[in-house]
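Inside the fold
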Amino acid sequence: MLDVILDTLIDSIKLLPFLFITYLLMEYIEHKMKHKSKETIQKSGKWGPFFGSLLGIFPQCGFSVSATNLYAGRVITLGTLIAVYLSTSDEMLPIFISEAVSPIIILKILAIKLVIGMIAGFIIDLVINVLTKNKIKENTYAILNKYVKKNIVIVTKMEF
């Protein structure tokens, strides 16, 4: 039992400085990019899923929360929000780095997450746009139909 505790302490002592430096670096990146990320994604428009997934792959602990707040305020689209969620890798990176996973494998996983986030985001926005346009068309036709019927009644009552 003492061996288990001793091995755990030794492994922790070896790992903690590395994790501390990793998290310190991630916090520095988050601090420097936080406002730029928000501004970029707010101005992205229909390219939101592209920028959302691109910004999501960088380790920023609060970016998913910020994206959720932007979506709640109707600043970004649902596709952009999902792109951010799918590409975010905050907890993955420190774990992979601490387990000495090859940087090539980490980059491949990040690239796959980036592409999946972009594709899903664009598909979601496309589907929502199609559904919204169909709903707008239905409402427009209903309003026009009502307007036309009303004017037909007025024209038929007029004497020339």
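Our subject is the structure listed above.
Here we summarise the structure given alongside this text. Computed from a predicted model, the values in this text were never measured in an experiment.

**Section: the side chain of Thr88**
Looking at the element boundaries, Thr88 is found in the loop between helix H4 (78-87) and helix H5 (92-98). When its relative accessible area of 16% is taken as the criterion, Thr88 is described as buried. Contact partners of Thr88, with chain neighbours within four places excluded, come to Gly56, Ser64 and Lys113.

**Considerations on the packing of aromatic side chains**
Applying the stated criterion to the full structure yields 3 aromatic pairs. Look at Trp47 and Phe50: their rings are 6.5 Å apart centre to centre, the planes differ by 85°, and that puts the pair in the edge-to-face class. Phe50 sits in the partly exposed class, given a relative accessible area of 29%. Geometrically, the ring pair formed by Trp47 and Phe122 is edge-to-face, given 6.0 Å between the ring centres and 85° between the ring planes. Of this pair, Trp47 sits in the loop between helix H1 (2-42) and helix H2 (48-56) while Phe122 is found in helix H6 (residues 103-157), placing the two residues 75 residues apart along the sequence. By relative accessible area, which is 31% here, Phe122 ends up partly exposed. Among the aromatic side chains, those forming a connected cluster through ring pairs are Trp47, Phe50, Phe51 and Phe122.

Rules and cut-offs
- Each chain has its residues counted from 1, following the order in which its sequence is written.
- Local features in this predicted model are restricted to residues of pLDDT 70 or higher, and side-chain atom pairs are both shown and tallied only at a pLDDT of 80 or more, whereas totals for entire chains, interfaces and linings draw on every residue.
- Values shown for side chains rest on all heavy atoms present in the structure; no hydrogens or waters enter the calculation.
- Segments assigned H or I by DSSP are reported as helices when at least four residues long, segments assigned E as strands when at least two residues long, and all are numbered from the N terminus.
- Any residue under 20% of the maximum accessible area for its type is buried, any over 50% is exposed, and the rest in between are partly exposed; the area is computed with a 1.4 Å probe on protein chains only.
- Any two residues whose heavy atoms approach within 4.5 Å are treated as being in contact.
- Within 6.5 Å between ring centres, the rings of Phe, Tyr and Trp (the latter by its six-membered ring) count as paired, and their orientation is classed by plane angle as stacked under 30 degrees, edge-to-face over 60, tilted in between.

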